[in-house]
Amino acid sequence: MKNDPRSHGLWERSAPQAPPTTRLSGDLTADVVVIGAGFTGLSAALHLAEAGASVVVLEGIQIGFGGSGRNVGLVNAGMWVMPDDLPGELGEVYGNRLLHLLGDAPSLVFELVEKHAIACEIERSGTLHCAVGAKGLAELQERARQWQARGAPVHLLNTEETAHKVGTSSYSGSLLDLRAGTIQPLGYSRGLAGAAIKAGARIFTSSPVVDAEEADGGWRVRTHSGSVWAKWVIVATNAYTTHVWPQIRAELVHLPYFNLATKPLSDNLRNTILPERQGVWDTNEILSSYRFDQQGRLVFGSVGALRGLGQSIHPNWGRRALRKLFPQLADIAFEYEWYGSIGMTSNNLPRFHRLARNVVSFSGYNGRGIAPGTTFGRILARLVLGDIQEADLPLPMTEPEPVRYRAVKEAYYEVGAQIAHAATARF
Ligand SMILES: Cc1cc2nc3c(=O)[nH]c(=O)nc-3n(C[C@H](O)[C@H](O)[C@H](O)COP(=O)(O)OP(=O)(O)OC[C@H]3O[C@@H](n4cnc5c(N)ncnc54)[C@H](O)[C@@H]3O)c2cc1C
């Protein structure tokens, strides 16, 4: 997108076409205006339109331009935070509600994909969180214990079982989560947009909202070429926020994350790696992830930005790390490389904000946005429709809190990943 092959890489090449959209022109009226066409905004728009509300989505660039079109595609259940820590962090009521909601969240993604026949390379064989060393295994044992106590279908696998599923004996064990799976994320974003339009939503692209003011009991939001008046505003701009409600961006630290996609592997090679097609990530502090696409490319990622020195450091590290995991891939070239920004919050949990009267938002998914974004979008739709109240939400309403030394922290992540990847293959 924006003629940048490193923005959406493989996903842009293999996703079905986006539904046709235009730039906003003139002045419109709606019940709800949604700002941002990622998972959160599109899910909100789809559920609002299906309930009969008139909804306009304004997207600054293109559908899926933000995290939604460039991520790894792991449809995860839950958050990074250990299940038992959530009630301590949010209180019993919100903690248990959020756990229940996000434990179930992948099923909403899979339901929508099926209901709207979204072409997004869906794989429902689960994910494998792979343990590095004794420390990684201890973490996963505890995670397994906590999820299993809640009846979740997660299974702790030993080294041999993990080697059998992944195709490498590099790990000390893994946690197989059968609630999870993988998708082609830009395909999913475009499919959600198509479903929302079919249900009656109007989506405008290349239409950044540059101004918003209260007017006539609602809000008028303006782009460079038009405006929309609506009673409610859903702000779904998250880590890619520009122009309006900048406090959302100010609360998030950008963690850069890149992906490298090999050329399609031969059947022989494909059969030696992830034969059941789970998505993988590991317990390393600077983690790695990988999964197959439908054409048999291995998509391998880790922390870092593909700019400046990172343009050579990270792909070189990727080659070394892959070779170490799967020596049979020693000569495989990368066909695509791309990266994006993950919005991290101070406690690794998302935020619900009422930014002004009738202006609501969820943000800060900490690299877990496919299932949560889809679910929170539906919750925002229900809130606006009056089907639920703020007291029923899975998160307490909080004020956005700007992160101190944000630019320094972001530089630390970017340079730290370069130093770590330049130094070693870290396996
Ligand atoms: C590289 C990477 C890997 C990731 N891997 C995973 C993963 O494997 N699994 C997972 O669950 N999550 C993953 N995530 C996180 C996930 O992608 C995000 O949490 C999720 O996409 C957020 O969705 P969203 O709709 O809230 O925001 P976004 O998708 O970021 O959408 C926000 C949109 O708002 C638009 N916008 C901003 N300002 C304006 C404005 N003023 N006017 C109009 N439009 C505006 C932007 O252009 C953008 O399209 C990853 C993220 C990245 C970057």
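This one's a predicted model, so the numbers in the text were calculated from it and none came from an experiment.

### Description of the side chain of Ser-174
In this fold, Ser-174 is placed in strand 6 (residues 173–177). When its relative accessible area of 0% is taken as the criterion, Ser-174 is described as buried. Side chain to side chain, Ser-174 and Thr-162 meet in a polar contact 2.9 Å long. When neighbours within four sequence positions are excluded, Ser-174 is seen to be in contact with Leu-128, His-129, Cys-130, Ala-131, Leu-140, His-155, Leu-156, Leu-157 and Thr-162.

### Here's the deal with the pattern of salt bridges
All chains considered together, the criterion is met by 18 salt bridges. A salt bridge links Arg-179 to Asp-177, with the nearest nitrogen and oxygen atoms 2.9 Å apart. Here Arg-179 matches Asp-177 in class, with each residue buried. For Glu-410, the salt bridge is made with Arg-406, and the minimal N-O distance between the two is 3.9 Å.

### What to know about the nonpolar core
Judged by nonpolar contacts, the single largest core of 64 residues is most densely connected at Tyr-188 and Ile-234. Top contributing element to this core by residue count: helix 12 (residues 370–385), with eight residues.

### As for the confidence of the model for the protein
With 99% of its residues at a pLDDT of 70 or more, the protein has an overall mean of 96. The secondary structure element of the protein with the lowest average pLDDT is helix 3 (residues 85–90), at 91, and the one with the highest is strand 2 (residues 55–58), at 99.

### Quick notes on the environment of Ala-44
Tracing the backbone through its elements, the reader meets Ala-44 in helix 2 (residues 39–50). Other than its neighbours up to four places away in sequence, Ala-44 contacts Ile-234, Gly-377, Arg-378 and Ala-381.

### Notes on the environment of Trp-147
Assignment of secondary structure puts Trp-147 in helix 6 (residues 133–149). By relative accessible area, Trp-147 is classed as buried at 7%. When residues no more than four places from it in sequence are discounted, the contact partners of Trp-147 are Gly-78, Pro-83, Leu-99, Gly-103, Ala-152, Val-154 and Arg-179.

### Here's the deal with the layout of surface pockets
For the second largest pocket, the calculated volume is near 400 Å³. What lines the second largest pocket is a set of 22 residues, among which Glu-251, Thr-345, Ser-346, Asn-347 and Arg-351 lie closest to the centre. When the residues that make up the lining of the second largest pocket are grouped by side-chain class, the tally is ten nonpolar, six polar and six charged.

### Side note on unusual backbone geometry
If you check the backbone angles, Arg-277 has positive phi at about 70° while not being a glycine. Along the chain, the position of Arg-277 falls in the loop between helix 10 (267–270) and strand 13 (279–282). Although it is not a glycine, Asn-358 adopts a positive phi angle of roughly 65°. When you line up the elements, Asn-358 lands in the loop between strand 17 (351–356) and strand 18 (359–363).

### What about the pairing of strand 9 (residues 211–215)?
Here strand 9 runs beside strand 10 (residues 218–222); their pairing, made up of five bridges, is antiparallel. What sits directly across from Ala-212, in strand 10, is Val-221. In textbook terms, the turn of a hairpin is the stretch between consecutive antiparallel strands, and for strand 9 and strand 10 this stretch comprises two residues, one of which, Asp-216, has a positive phi near 50°.

### Considering empty space enclosed by the protein
This structure, assessed with the given rule, holds two cavities of 30 Å³ or more. Around the largest cavity sit 14 residues that line it, and Ala-77, Trp-147, Asp-177, Trp-281 and Arg-368 are the ones nearest its centre. If you list the elements that add at least two residues to the lining of the largest cavity, you get strand 4 (127–131), helix 6 and strand 6. Split into classes, the residues belonging to the lining of the largest cavity amount to seven nonpolar, three polar and four charged. Roughly 40 Å³ of volume is contained in the second largest cavity. Lining the second largest cavity, in full, are Arg-319, Leu-322, Arg-323, Leu-329, Ala-330, Ile-332 and Phe-334. Counting residues per element, the lining of the second largest cavity draws most heavily on helix 11 (residues 310–325), at three residues.

### Description of the sheet that holds strand 6
What holds strands together in a sheet is hydrogen bonding between their backbones, with the strands either parallel or antiparallel. Ordered in space as 5-6-4-13-14-15-12-16, the eight strands form an open sheet in which the pairing is mixed. Since the sheet does not close on itself, it has two edges, and those belong to strand 5 (154–157) and strand 16 (334–344), each with one partner. Neighbour to neighbour, the strand axes of the sheet diverge by 20° on average, direction disregarded. Sheet topology note: the strand 4/strand 13 ladder contains four bridges and is parallel. Bridge pairing in strand 13 places His-129 opposite Trp-281. In this fold helix 7 (residues 159–166) packs onto strand 4, strand 5, strand 6 and strand 14 (288–292), with an angle of close to 105° to the strand it touches most, strand 5. Helix 13 (residues 406–423) contacts strand 12 (253–262) and strand 15 (298–303) of the sheet and is inclined by roughly 30° relative to strand 12.

Criteria and thresholds
Residues numbered from 1 in each chain as written. Predicted model: local features only at pLDDT ≥ 70, side-chain atom pairs only at ≥ 80, totals over all residues. Heavy atoms only, no water. Helix = DSSP H or I, 4+ residues; strand = E, 2+ residues; numbered from the N terminus. Buried < 20%, exposed > 50% of the residue type's maximum accessible area, 1.4 Å probe, protein only. Polar contact = N/O pair within 3.5 Å; in protein donor to acceptor, adjacent residues only side chain to side chain. Contact = heavy atoms within 4.5 Å. Salt bridge = Lys/Arg side-chain N within 4 Å of Asp/Glu carboxyl O. Core = buried A, V, L, I, M, F, W, Y, C linked by side-chain atoms within 4.5 Å. pLDDT = per-residue confidence, 0-100. 1 Å grid on protein atoms, 1.4 Å probe; cavity = no way out; pocket = protein on both sides within 12 Å on 5 of 7 lines; lining within 4 Å. Points joined across faces, edges and corners; volume = space filled by probe spheres on them. Nonpolar A, V, L, I, M, F, W, Y, C, P; charged D, E, K, R; others polar. Pairing = 2+ DSSP bridges. Axes fitted to C-alpha atoms, helices over the stretch in contact; angles between N-to-C directions.

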